[in-house]
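Examination of the molecular architecture
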Amino acid sequence: MRSVTYSMAVSLDGYVVGLDGSFDWTPPDEEVFNLATDEVRGAGVHLLGRRLYETMLYWETTDQNPSLDYSTREFAALWKALPKVVFSTTLSAVRGNARLASGGLAEEIERLRAEPGEGDIAIGGATLAAEAAALNLIDEYRARVCPVLVGGGVPFFPQHERRVDLDLVETRAFSSRVVYLRYRVAR
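All of the points below concern the structure found in this document. Predicted, not measured: the structure shown is a model, and the values here were computed from it.

Thoughts on the overall build of the protein chain
Tallying secondary structure elements over the protein chain gives 6 helices and 10 strands in all. With respect to the three principal axes, the spread of C-alpha positions in the protein chain is 40 × 40 × 30 Å. Here the protein chain holds 187 residues, and 43% of them are scored as buried. In the protein chain, the share of contacts with a sequence separation of at least 24, taken over all contacts with a separation of at least 6, comes to 70%. In the form shown here, the protein chain has an accessible surface area of approximately 9900 Å², with 53% of it arising from carbon and sulfur atoms.

Here you go:
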């Protein structure tokens, strides 16, 4: 069965976006960017909320810019080809290899798990991930912990008043001082 993964950059104090709505403290160096590229390569579909979908639209045309380095164009090409499901109550249409969710999150994940296909079901966006976590649908948490305290904002980990035991699967420390932590939910 396909795993549901939640992966994002996070501040040491646990936020994906700061109080001012920015995430300018998360620009990846080449090593971290390669990790993100590998995660996209390992995904079979990506579930996104509206805000992250709109942020990631940048990557729909970046692969056409010959002045960018190979790794940037590679990520863009992988992202562009990756099927995406967008959860939004305000969008009426989406672009690229994306479709609007036709059901609730649990129904979409159940359908995707039942379909033939390879690769993870990746979730992006803290709000959507919080909903998935509350429904006990996340199989792995992947955090790229950045060496910064932002003091508040949108939390990486959902607040859902229940304990979730995790097994450490992988750690990596990068020269940029970012630490990658990959945990599987203990079931």
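After presenting the structure, the write-up continues.
Notes on unusual backbone geometry
Phi is positive for Asn-136, which is not a glycine, with a value near 60°. With respect to the secondary-structure elements, Asn-136 resides in the loop between helix H6 (126-134) and strand E7 (140-146). Phi angles above zero are rare outside glycine, and Arg-177 is one such case at about 80°.

Focus: the pairing of strand E10 (residues 179-185)
Bridge analysis of E7 against E10 gives 6 bridges, and the strand direction is antiparallel. Bridging from a neighbouring strand, Arg-142 pairs with Arg-182 of E10. Judged from the 7 bridges that link them, strand E9 (residues 166-173) and E10 form a sheet pairing that is antiparallel. By the bridge assignment, Asp-167 is partnered in E10 with Arg-184. The hairpin turn running from E9 into E10, its antiparallel successor, is 5 residues long, and Arg-177 in that turn takes a positive phi close to 80°.

Topic: the nonpolar core
Grouped burial of nonpolar side chains is what soluble globular proteins tend to show. In this structure, Tyr-6, Leu-47, Ile-123, Ile-138 and Phe-156 are the most contacted members of the largest nonpolar core, which totals 27 residues. Counting only elements with at least two residues in this core, the list comes to strand E1 (4-11), strand E2 (15-18), strand E3 (43-49), strand E4 (84-87), helix H5 (105-114), strand E6 (120-124), H6 and E7. Those residues in contact with Leu-47 that lie beyond four places of it in its chain are Val-85, Phe-87, Leu-105, Ile-109, Leu-112, Ile-121, Ala-122, Ile-123, Gly-124 and Leu-128. Membership of the second largest hydrophobic core comes to 17 residues, among which are Met-56, Val-94, Ala-98 and Ala-122.

A few points about the pattern of salt bridges
Where charged atoms from two side chains of opposite charge come close, those side chains can pair. Under the defined criterion, the tally for this structure stands at 16 salt bridges. Note that Lys-84 is salt-bridged to Glu-60, the shortest N-O span being 3.9 Å. Residue Lys-84 is found in strand E4, and its partner Glu-60 is found in helix H3 (residues 59-62); the two are separated by 24 residues along the sequence. Judged on exposure class, the residue Lys-84 and its partner Glu-60 are both buried. A salt bridge links Arg-142 to Asp-120, with the shortest nitrogen-to-oxygen separation between them at 3.2 Å.

Here's the deal with the packing of aromatic side chains
Under the counting rule described, the total for this entry stands at 9 aromatic pairs. With a centroid separation of 6.0 Å and 45° between ring planes, the pair formed by Tyr-141 and Phe-157 is classed as tilted. Here Tyr-141, found in strand E7, pairs with Phe-157, found in the loop between strand E8 (153-155) and E9; they are 16 residues apart in sequence, far enough to count as distant. Under the relative-accessibility criterion, Phe-157 is labelled partly exposed at 41%. Directly above the ring of Trp-79 sits Lys-84, whose terminal nitrogen or CZ lies 5.0 Å from the centroid.

Considering the sheet that holds E7
Pairing within the open sheet is mixed, and its 8 strands lie in the order E5-E4-E3-E6-E1-E7-E10-E9. For this open sheet the edge positions go to strand E5 (98-100) and E9, each flanked by a neighbour on one side alone. Going from strand to strand, the sheet's axes swing by 20° on average, the running direction of each strand aside. As defined by bridge partners, E4 adjoins E5 across 3 bridges and the pair is classed as parallel. The partner of Val-86 across the bridge, within E5, is Leu-100. The strands that H6 touches are E1, E3, E4, E6 and E7; relative to E6, the one it contacts most, it runs at about 125°.

Each value, and the rule that gives it
Residues numbered from 1 in each chain as written. Predicted model: local features only at pLDDT ≥ 70, side-chain atom pairs only at ≥ 80, totals over all residues. Heavy atoms only, no water. Helix = DSSP H or I, 4+ residues; strand = E, 2+ residues; numbered from the N terminus. Buried < 20%, exposed > 50% of the residue type's maximum accessible area, 1.4 Å probe, protein only. Contact = heavy atoms within 4.5 Å. Areas by Shrake-Rupley, 256 points an atom, 1.4 Å probe, with all protein chains shown as cover. Pairing = 2+ DSSP bridges. Core = buried A, V, L, I, M, F, W, Y, C linked by side-chain atoms within 4.5 Å. Salt bridge = Lys/Arg side-chain N within 4 Å of Asp/Glu carboxyl O. Phe/Tyr/Trp six-rings, centres within 6.5 Å; stacked < 30°, edge-to-face > 60°. Lys NZ or Arg CZ within 6 Å of the ring centre and 35° of its normal. Axes fitted to C-alpha atoms, helices over the stretch in contact; angles between N-to-C directions.

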